[in-house]
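Architecture and fold: a report
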Amino acid sequence: MQKHIKLSLVLVAFLSSLHAQSRDTIVLKPLDVISSAIKTDELKSTDAVEVYTSQDIQKAHVQNVYEFLNQQTSVIAMPSYGNPFTQKLDIHGYGIGDGYQNIVITLNGRKINNIDMVPQLLSSISPASISRIEIIKSSGIVVGGDGANAGVINITTKQNNDKELALYGGTYGSTDGSFYLGHSDDKISISASGEAQKNDGIRYIDKSGSKDKNKLATGTFNLTYTPIDALELRAGASFANTDVIYASYLSKDEYRSDPTQMGSTNWGSTHQTYDTHVVNLGASYFMGESLSINLDGAQEKKKSNYVTYDSKSDYDYDSLKINLDYESKFASLTLGVDMFNGLRHSHAGAWSIANDTTKDNLAGFIMGNFNFGDSSIKAGYRYEKVSYEFSDATKSNKDKHALNGVELGYNYALDEETSLFANYAHSYQAPDIDRFFNYGEFNGFIKPSIADSYTIGFNHITKTNKFKISAYYIDLKDEIYYYTDLSVPSWDPLNRSRNTNIDSSSKYGLDIYDRWLISEEWNLALNYNFVQATIDKEIGGNGENYAQNTLPGVSNHNAKATLSYLPNQDTTISLTQVYRSSAYAANDFANNFSQKQDAYNSTDVSATYTQEDWEIFAKINNLFNQKNGLWIEDDTIYPVNFTTTAIAGLKLKF
């Protein structure tokens, strides 16, 4: 590993020594927000938004989307119990345990959230294929729907003439190859992208020296055809195949002494294969310059196999969205219907019989934006019916909910560079289907969570500085969580733990973003988030009073800063620091465990040298070899980003 790191440092030194020459001046401007129902830009938005372009993603040289979110945005990402391919996300203090279920993530408008507790599979999206990532915080329920309590993350892939091939290798047998091929003209837009990635592993999983290796393959094809000016036809297909072995937890002493060890107190590693295949079709018909109708449908089939436990599940997802859009100089309006049918078939296993569980969503929504001089007003409403059905050889159960979502927002432009905004959102999260089970037994349906979010903010965007600040308060009813009482013996699981609701809880915080072009050679990007998440009222399953406790798994302070040095027009050297303060362990709702989640620290450095048709790059993650981990409870720690790693590679542009 040290040889790889030394080579990377030599490359950084070489690039930094290149002589300065004339450069193209970088200029900041408000970026368009294109993925929401109402098209606007950052300065005029009534929401707290973050927008990242393909250039931002390419400069970061990340191995997956999770890494970009965790290093560059206000989103927190952590591997799910050690699984690097399905990581947990958090925005606005919903917690690293369940925060991902309060975030709606879309890919080209298609919702990729799951009906159970499996996090969104962002590893299926190659960073090379992404055009932009838009993060809308504490808003987005009207179009995003069920699960948008914390907000939405909209990912859009490229549709251009880029042709790129990227290869890299790194420490611990890490290799990656990706490509993007695109063609676009007046009639047709066609693109294909793919990625193959593997890692030989860092942690040991048995006494013979085997490690937690993993591999991933993805592929995507998209086609857009415009036979006449008034009609656009769309089709696409994609797949992702993952094969991962991930190590189990460690005790605190084991983690401190050597986080690469297998550990002596856990149940051993987990081997999972997880495959997904998606086909999508769509069409838009434009009835003049102002009115259009859009239809998009998708079918997704997934297979999950936990080889270790002989636990297999098959998923079938069908979705359809139809919306009518009107846009003029003074107003934008969208009216739509959103349908989703999700089925999970769980095969019979050693501890359970075969069963089918469905979650179906049917919604109608309307969203409008109106411009009055320097003022913009947003208003929207969504009505959604969610229904469940569970059946096995012995029983059948059904449940349903009718839910309402509301968004109201106002933006006032003080001048061409400055604006103020305020918004309110009434949102909801219907429970996933895993919440109805406890150790394989059906334990009953639980309530949806309801959130009322209030946000005020300030934007100031000049040619050399992009500054955003917003403050928020969230009032929640029936926030969903997994209750655990460690004092109950493990042989009594039904009384030891269960899925349930927090009676009432609240969150408030402050978000600050600043990108500053200090000079032609130096620029700085900063993301800082403060959050306080409190359980206002809740009695635990065995009588514990959680009132006024802090929600576990929430760090009060989250800071990310990237300092970039551009010695010439072809070279960029970046230093990134990520910090999160300590927190209560994920299961510590009583706030009384003897161990807390350690503060998270990582220092990363990267260098890029770019020419017209090629680019070389190197990156070192966790330069100072700092230990990081995910605390679930006392002596149950999953090491995360706990050692120095490095990659170096080449990108060819045709």
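Before any of the text, the structure's been laid out above.
Here is what the cut-offs are and how they apply
Residues numbered from 1 in each chain as written. Predicted model: local features only at pLDDT ≥ 70, side-chain atom pairs only at ≥ 80, totals over all residues. Heavy atoms only, no water. Phe/Tyr/Trp six-rings, centres within 6.5 Å; stacked < 30°, edge-to-face > 60°. Helix = DSSP H or I, 4+ residues; strand = E, 2+ residues; numbered from the N terminus. Buried < 20%, exposed > 50% of the residue type's maximum accessible area, 1.4 Å probe, protein only. Lys NZ or Arg CZ within 6 Å of the ring centre and 35° of its normal. Salt bridge = Lys/Arg side-chain N within 4 Å of Asp/Glu carboxyl O. Polar contact = N/O pair within 3.5 Å; in protein donor to acceptor, adjacent residues only side chain to side chain. Contact = heavy atoms within 4.5 Å. Pairing = 2+ DSSP bridges. Axes fitted to C-alpha atoms, helices over the stretch in contact; angles between N-to-C directions. Core = buried A, V, L, I, M, F, W, Y, C linked by side-chain atoms within 4.5 Å.

A few words now on the packing of aromatic side chains. For the coordinates displayed, the defined rule picks out 14 aromatic pairs. Look at Tyr255 and Trp631: their rings are 5.3 Å apart centre to centre, the planes differ by 80°, and that puts the pair in the edge-to-face class. Linking Tyr255 in helix 5 (residues 252-257) with Trp631 in strand 36 (residues 629-633), this pair joins segments that are 376 residues apart in sequence. By relative accessible area, which is 0% here, Tyr255 ends up buried. Three or more aromatic residues joined by ring pairs form one cluster here, namely Tyr81, Tyr249, Trp267 and Tyr638. One cation-aromatic arrangement involves Lys302 over Tyr315; the distance from NZ or CZ to the ring centre is 5.3 Å. When the ring centre of Tyr584 is taken as reference, the NZ or CZ atom of Lys596 above it lies at 4.6 Å.

By the definition in use, this model includes 28 salt bridges. Between Lys378 and Asp47 there is a salt bridge whose closest N-O contact spans 2.8 Å. Linking Lys378 in strand 20 (residues 375-392) with Asp47 in the loop between strand 2 (40-41) and strand 3 (48-53), this pair joins segments that are 331 residues apart in sequence. The pair formed by Lys378 and Asp47 is uniform in burial state, with each residue classed as buried.

Okay, the side chain of Ser555 next. You can see Ser555 is positioned in the loop between strand 29 (549-550) and strand 30 (557-568). A polar atom in the side chain of Ser555 sits 2.7 Å from the backbone oxygen of Ser581. Not counting residues up to four positions away in its chain, the partners in contact with Ser555 are Val531, Arg580, Ser581, Ser582 and Ala583.

With that out of the way, let us pick up the sheet that holds strand 9 (residues 151-157). Within a sheet, neighbouring strands are paired by backbone hydrogen bonds and run either parallel or antiparallel to one another. On the basis of which strands lie adjacent, the open sheet formed by five strands has the order 3-8-9-6-7 and mixed pairing. Strands at the two margins of the open sheet, each flanked by one partner only, are strand 3 and strand 7 (110-111). Running at roughly 50° to strand 8 (residues 130-137), helix 3 (residues 65-72) makes contact with strand 3, strand 8 and strand 9 of the sheet.

Its location among the elements puts Ile433 in the loop between strand 22 (418-429) and strand 23 (437-438). Looking at Ile433, the relative accessible area reads 0%, which means it is buried. Counting along the chain gives 44 residues from Ile433 to Glu389, while the straight-line C-alpha distance between them is 9.2 Å. Discounting chain neighbours no more than four positions away, the residues touching Ile433 are Ile115, Asp116, Arg344, Thr357, Thr358, Lys359 and Tyr388.

For the rest of this paragraph, the subject is helix 3. Within helix 3, seven of the eight residues are buried, which leaves it mostly tucked inside the rest of the structure. If you check which residues of helix 3 are buried, you get Val65, Tyr66, Glu67, Phe68, Leu69, Asn70 and Gln71. One side-chain oxygen at the N-terminal end of helix 3 lies 3.2 Å from the backbone nitrogen of Tyr66; it belongs to Asn64.

One finds Leu89, Leu122, Ile133, Ile153 and Ile155 to be the most contacted residues of the largest nonpolar core, which totals 41 residues. Those elements giving two or more residues to this core turn out to be helix 2 (54-60), helix 3, strand 6 (103-107), strand 8, strand 9, strand 26 (465-484), strand 27 (497-516) and strand 28 (522-537). Looking at which element gives the most residues to this core, the answer is strand 26, with five residues. Residues within four places of Ile155 in sequence aside, it is in contact with Val65, Ile105, Thr106, Leu107, Asn108, Leu122, Ile125, Ile130, Arg132 and Ile133. Core analysis: the next-biggest nonpolar cluster, separate from the first, contains 28 residues, Ala240, Tyr274, Phe365 and Phe437 among them.

What follows concerns the pairing of strand 25 (residues 449-461). Residues in a regular strand project their side chains so that they alternate between the two faces of the sheet. Note that strand 22 and strand 25 share twelve bridges and pair antiparallel. Counterpart to Tyr428 in the pairing with strand 25 is Ile450. Across twelve bridges, strand 25 lies against strand 26 in antiparallel orientation. Note on strand 26: the bridge partner recorded for Tyr454 is Tyr473. Adjacent in sequence and paired antiparallel, strand 25 and strand 26 are bridged by three residues.

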